[in-house]
Structure formats: C-alpha cells, structure tokens
Number of protein chains: 2
Amino acid sequence: MSERTVIALGGNAISPAGKAGTAPEQTANLHRAMAQVAELVAEGYTDLVLTHGNGPQVGNVLIKNDLARDVVPPVPLDWCVAQTQATIGFTIANTLSFELQQRGIERPVVPVVSRVLVSRDDPAFQEPTKPIGPYLNDPVEIARRRDAGEDLVEVEGRGWRRVVPSPRPLACVDRPAVDLLLADGAIVIANGGGGIPVVDDGDGPLHGIEAVIDKDLAGSLLAKEIGAATFAILTDVPGVAVAYGTPDQRWLEEVSVEELRGYEVAGEFTVGSMAPKVAAVREFVDRSGGRGMVAALDDARDALHGTAGTRVIRGHDG
Amino acid sequence: MSERTVIALGGNAISPAGKAGTAPEQTANLHRAMAQVAELVAEGYTDLVLTHGNGPQVGNVLIKNDLARDVVPPVPLDWCVAQTQATIGFTIANTLSFELQQRGIERPVVPVVSRVLVSRDDPAFQEPTKPIGPYLNDPVEIARRRDAGEDLVEVEGRGWRRVVPSPRPLACVDRPAVDLLLADGAIVIANGGGGIPVVDDGDGPLHGIEAVIDKDLAGSLLAKEIGAATFAILTDVPGVAVAYGTPDQRWLEEVSVEELRGYEVAGEFTVGSMAPKVAAVREFVDRSGGRGMVAALDDARDALHGTAGTRVIRGHDG
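Note that this is a predicted model, so its numbers are computed, not measured.

A few words on the overall build of chain A. Secondary structure assignment for chain A yields 9 helices and 17 strands. Over its C-alpha atoms chain A spans a radius of gyration of 19 Å, differing by no more than 12% from the 20 Å that the globule rule assigns to 318 residues. Taking all 318 residues of chain A together, the buried fraction comes to 58%. When contacts within chain A are restricted to residue pairs at least 6 apart in sequence, those whose partners lie at least 24 apart make up 74%. Total accessible area on chain A stands at roughly 12,600 Å², and carbon and sulfur atoms take up 48% of it.

So, in structure tokens, the structure goes:
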C-alpha cells in the first residue's frame, strides 16, 4: 500500500478544454483532480510524487512574451516552463493540502522547481517537432518569427505553428531534493511540464535551452530514478486501446512490454498523444521492473487496485 | 560557524540598474552574487537559507499580462510572484551549485515555491501603498486601469503608478518543507519576492490574494520561525547610516534594538528603501534574540565576521 508511486497528470486535469483558462478555472480543475489524489493518499499511497503537463499554460506565457516583446525582454522557453511549474505547483499545494486536511491528513506538499538534463547532441535539436504556442495566420507575424529563427510548420486548415526540439530526458538534476523530501514524508510535485530542460557545457553552470521535454517521458525517468514501484499516467481516456476509433477497437487490460512494443511498431498509437504515453510507461516497466499503467483520472483508485485502466507488466522473459 | 543563517539578497543582486534586463543579464548578475554566497558556504556557513527580491521581475510579468490581456487571461498578482520565484530560484540553483562545485562542495540547492500567510483584515488592504509595475502616462490606459479597480498614485514628474497592498507576513506556510530540507543538508531558497501572499478563508484551500509582501519582513519572519542565529540583509550600501546624505552622515557599526528604534521614530530611514530593511532586522533581533545585520553584498564575509556592515544586537535589558 505504501509502495512508492509516481503519477503523471495529463493536461486535461488542469485544462479540460485544451485552453489554459483563467486562474480560477485552472484552480477549480486542479482542485477536482486533487480530490482524487487525496483519496489515493488516504488509502495508503503516501509515498507519492506527482508530475503534470503544462501545454496550454506555457502557450499562454509564450503569447505574453511575444505581445510584450517591444517593451520588456522576452524570457527563454526554459524560464517559461519554470513559470508554469510554480503556478501549477502552487495551486496543487493549496488544493491538495486542503483535500488531505479534509481527510485528517497533515503532510507537506512540496513543488520542486525541477531541472532535467538533456544533450545538445540530441537529434531533436536538428529537427524540432513539438508544436507549441498559438496557431499563426498573419503573414507578417509568420515572417517575423522565421527571421527570428523560429521553426514553423503548417497544420492543414489551422495555420502555422512554432515547433521546438523535444529532446530525451537524460537525468533528473533535482532528484536529490525529491529523494530527501520523500524520505521526510512529503508529497512531492516534480518535473512539471517535463522539467526545465538544461544542458551541461562542462565549463560553467548548467543552463536552460530552448526545448520542451515530454512530460510522460520525464515522469517515467523520474519514477525509475527514485525507485518507484508504480508509474501511472492518469488522463481522460480509460486506458490504451488498439484499433482505436475503429469497429475493432479493444481496450488493453494487462499487456506485456513485448506485446506493447509490437503495437507501437505497428503504429497503433497516435503520435503526440497516446504514443508518448505508451512509450513512457513501457520504458519505465522495461528499465525498472515496476508496473506501469494508463488510466482515466476518475478511475485512479481502481487502476491502482488493478481493476481499471491498462496495466503494463514485464513479460515472462522480462 | 555552522550556525543557521538567513540571507536576504536585495534586488540589486539580480538587477543593479533597477530593470530586470534580459535573462542572460539576470543570470550573470545572480552568478556574481552566488560566487559570494559560495564563499560563505565554503567558510562554514552551511546551514543557509537565501531569500531575494523580485521587483523588476514581477514588474515585467505584469507588463506582459497587461499587453496580452485581450488574447490570454491575465494571471493574478500572486501567480506573478510565483513565476518570479521559479525563474530566480532556477537561476540561483544553477549558478550557486556551480560555484559550490568549484569549491569542492556538493550540496543540493533547492528553491521552494513559498507561500506566506497574510490576513484579509490587514489594514494594508484598505490603503495600498506598494508601487508596482511601470509608470503610466497615457490617459486612456490610466482610465482603463481605474475602471478595472486598480489603485493608482501619481509620482511627480514620472507619471501614475499602480499601488498594491503590502500586508504583514503572519506565517510561512511552507516552513515545514524548509525545515526538512535544511535538516537534510540542503541550501534552501525560500520566500522569494516576499513569498506568495495567501489567505485562509477557513472554508476552502488557502488561496492567493492581490498583494506583495515586503521581502525583508518575510525573510525576517522566516529567520525567526526556523530559529536562525543570524539574519543578514545584503544590499548595495555598506550598512545603515544616520543623517544619510548630509555632512553629518554616520554609518552604524553595532547598534541596539532600542537605539535603532529611536532612529526609526525620528524618521532617519527612507520609506520603501532603508526603513523596511531596518524594521525587518530589528524585528528579527527583538523577537528571536539572534543577531541581525545590513551590509554590502561584497562585504558579506566581513559582515558575518563582525568587521563590516551594521550589526543589530539586543540591548542590555533585552
């Protein structure tokens, strides 16, 4: 029951409509999610780390940067990620602490400003693929951004959109702080928005770089590094399906790493949506031997009990 | 030597010109300050908390909020403070960790997203006094802000400026996390920008409120709460002076709480500049019996050794 658990909350826990919304809206959405999380803690899942997405939030920060660029210097993308870690972490701390207190539980909830190491040599820096920020349709604005060095791609029917590198997370720089806080009995929020991407040039401090790390991969890495028994991605669908959206659609209940890999290779999962979730869970199970799962946020308890969602396990030869 | 120490860094450590500047400029400034802090750690001041101002940084965030308000919802002032805690904390973590490593010291540097409790009944909410954000001269913009409920004051020759409440800090909500991390040997960054102001309405989660807490008062409170032996405000002047800027100017070396209180009552210290620093240090010494000091950042070591800056001590009847 008190086995170490890492939960990755999909963006829908904060922004169901895919838009960040106002601060009260984000707070209300997170509060609902934290009521679910508090139930898990009350049930004994006390050795707990939460991580979360930040797509709509970082998009808003980027829009502000752009619109104010002639008045105040824009801050780099890594700072934007840091900003969203703080606002989402602050809101989680307030709402989860309250929900815990309602259940008679006093336990520090601590958001850690989390850096994640990436490599300058990661091929993602040659080929940015992660869409970020608003759709653009004004030719002048599109030209300005191109001149400023941004990579843009056209999305049929919607307009142009900035893409940034999404390098692989290599190490959780602030893992020592997470370890210490967990040992002290705190509930930790870490690697929000995939973590602040940093590189090590070897001759100076670690520093940020213009990139966004996939939050599920960053959560998977953290779960492995801190020796979690379970890595659970909670989202807005009941689990992982094959033949998704066809008459043959089938939800997977328990699936081995090998079987899942086969489905991945066969292209069963949507790029940028279910595919990174599946990869993140599979990598965790494969590397650590723990159990991975993808489930709906509302089914979190049942999923941890093994009666809902998709559970990924090592195969017999694992 | 390893006595618990809280250091409050003035805004000048980040933004000497009073403007936030670009991210590389802020980083370079903080790096210089962290080289000084690393010297203190190397000398044995290992039980250390840093706090910092955020005036120019939060000003920039507010400008972005305003300029983008028709496109994305502005976030409240408490979120803006949180955002600056993350960007400044991230930069301190990178640069201080590097400077420590250069000195052979491996120690986690952990920025804590810090909430500070204030009261809705604080008289500051009836009479906002803390200037924040840009000077305004456009009558349309001034009228729009008045209509939106902002309090504005005119500053002779510069224009109108928003003022917000600056309530007294009552309790450091995230002190448990600071305590745990210090006990674990981490260097902690806390209460940045005075902390995120929150109120407790008693029937729901703590939540943010539109206000800014004085960072020196918030540092003083934290120093008392965590039982620090020393609370040191490091700034850009050599210490506290009486008759400042006159031919009779005199720097104070060692001064009792009672003597200092007398100077305060006599109006020796500039409102919004040296006065809050003096009050913060005096309150710490008065409440805790520790030692307080105000010194130049570059004199930090000498100040802690008692050979530079202004030291505040309890009087003989204290």
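This brings us to the relation of the copies chain A and chain B. Its rotation angle being 180 degrees, the transformation that places chain A on chain B also includes 0.0 Å of axial translation and leaves an RMSD of 0.0 Å. The symmetry that links the two subunits is that of a two-fold axis. Among all residues of chain A, the one whose C-alpha sits closest to the rotation axis is A:Gln83, at a distance of 2.2 Å. By residue overlap, the copies meet face to face through one surface: 100% of the interface positions of chain A are interface positions in chain B.

This paragraph deals with the packing of aromatic side chains. All names here are of chain A. The full count for this structure, using the stated rule, is 4 aromatic pairs over all chains. Geometrically, the ring pair formed by Tyr 244 and Trp 251 is edge-to-face, given 6.2 Å between the ring centres and 75 degrees between the ring planes. For the cation-ring pair, Arg 161 lies above Tyr 135, with the distance from its terminal atom to the ring centre recorded as 4.8 Å.

Here we come to the packing of helix H1 (residues 23–42) of chain A against helix H3 (residues 77–102) of chain A. For any two helices packed against each other, the geometry comes down to the angle between their axes and how far apart the axes lie. Residue and element names in this part refer to chain A. Between H1 and H3, whose axes approach to 8 Å, the crossing angle comes to 50 degrees. When the axes of H1 and H3 are compared, the pair comes out oblique. Read as a crossing pair, H1 and H3 show a hand that is right-handed. Within the contact between the two elements, H1 uses Thr 27, Leu 30, His 31, Met 34, Ala 35, Val 37, Ala 38 and Val 41 and H3 uses Ile 88, Thr 91, Ile 92, Thr 95, Leu 96, Phe 98, Glu 99 and Leu 100. In the contact of H1 with H3, the residues fall into 11 nonpolar, 4 polar and 1 charged.

What follows is about the nonpolar core. Core analysis: the largest hydrophobic core is formed by 76 residues, its most contacted members being A:Val49, A:Val188, A:Phe231, B:Val49 and B:Phe231. Residues contacting A:Val188, with those up to four places away along its chain left out, are A:Leu48, A:Val49, A:Leu50, A:Val110, A:Val112, A:Val178, A:Leu181 and A:Leu182. A:Ala82, A:Leu206, B:Leu62 and B:Val113 belong to the second-largest nonpolar core, a separate cluster that totals 38 residues.

The next subject is the sheet that holds strand E16 (residues 291–296) of chain B. Residue and element names in this part refer to chain B. Taken in spatial order, the 8 strands make up an open sheet running E3-E9-E2-E1-E12-E16-E17-E15, and their pairing is mixed. The open sheet has two free edges, formed respectively by strand E3 (109–111) and strand E15 (254–256), since each of these has just one partner strand. The average undirected angle you get between the axes of adjacent strands in this sheet is 20 degrees. Here E3 runs beside strand E9 (residues 187–189); their pairing, made up of 3 bridges, is parallel. Residue pairing in the sheet places Val 109 in a bridge with Ile 187 of E9. The sheet contacts of helix H3 (residues 77–102) involve strand E2 (48–52), E3 and E9, and relative to E3 the element is tilted by about 175 degrees. Contacting strand E12 (230–235), E16 and strand E17 (310–313), helix H8 (residues 274–288) crosses the sheet at an angle of about 165 degrees to E12.

Once that is clear, we can look at the side chain of A:Asp216. Residues and elements named next belong to chain A. As for its position among the elements, Asp 216 is in helix H6 (residues 215–225). The class of Asp 216 is buried, set by a relative accessible area of 2%. Not counting the four nearest positions on each side in its chain, Asp 216 is found in contact with Ala 8, Phe 231, Ile 233, Pro 276, Lys 277 and Ala 280.

Each value, and the rule that gives it
- Residues numbered from 1 in each chain as written.
- Chains lettered and ligands numbered in written order.
- Predicted model: local features only at pLDDT ≥ 70, side-chain atom pairs only at ≥ 80, totals over all residues.
- Heavy atoms only, no water.
- Helix = DSSP H or I, 4+ residues; strand = E, 2+ residues; numbered from the N terminus.
- Rg over C-alpha atoms; globule rule 2.2 N^0.38 Å.
- Buried < 20%, exposed > 50% of the residue type's maximum accessible area, 1.4 Å probe, protein only.
- Contact = heavy atoms within 4.5 Å.
- Areas by Shrake-Rupley, 256 points an atom, 1.4 Å probe, with all protein chains shown as cover.
- Least-squares fit on C-alpha atoms with pLDDT ≥ 70 in both.
- Phe/Tyr/Trp six-rings, centres within 6.5 Å; stacked < 30°, edge-to-face > 60°.
- Lys NZ or Arg CZ within 6 Å of the ring centre and 35° of its normal.
- Axes fitted to C-alpha atoms, helices over the stretch in contact; angles between N-to-C directions.
- Parallel < 35°, antiparallel > 145°, perpendicular 65-115°, else oblique.
- Left-handed = near helix turned anticlockwise from the far one by under 90°.
- Nonpolar A, V, L, I, M, F, W, Y, C, P; charged D, E, K, R; others polar.
- Core = buried A, V, L, I, M, F, W, Y, C linked by side-chain atoms within 4.5 Å.
- Pairing = 2+ DSSP bridges.

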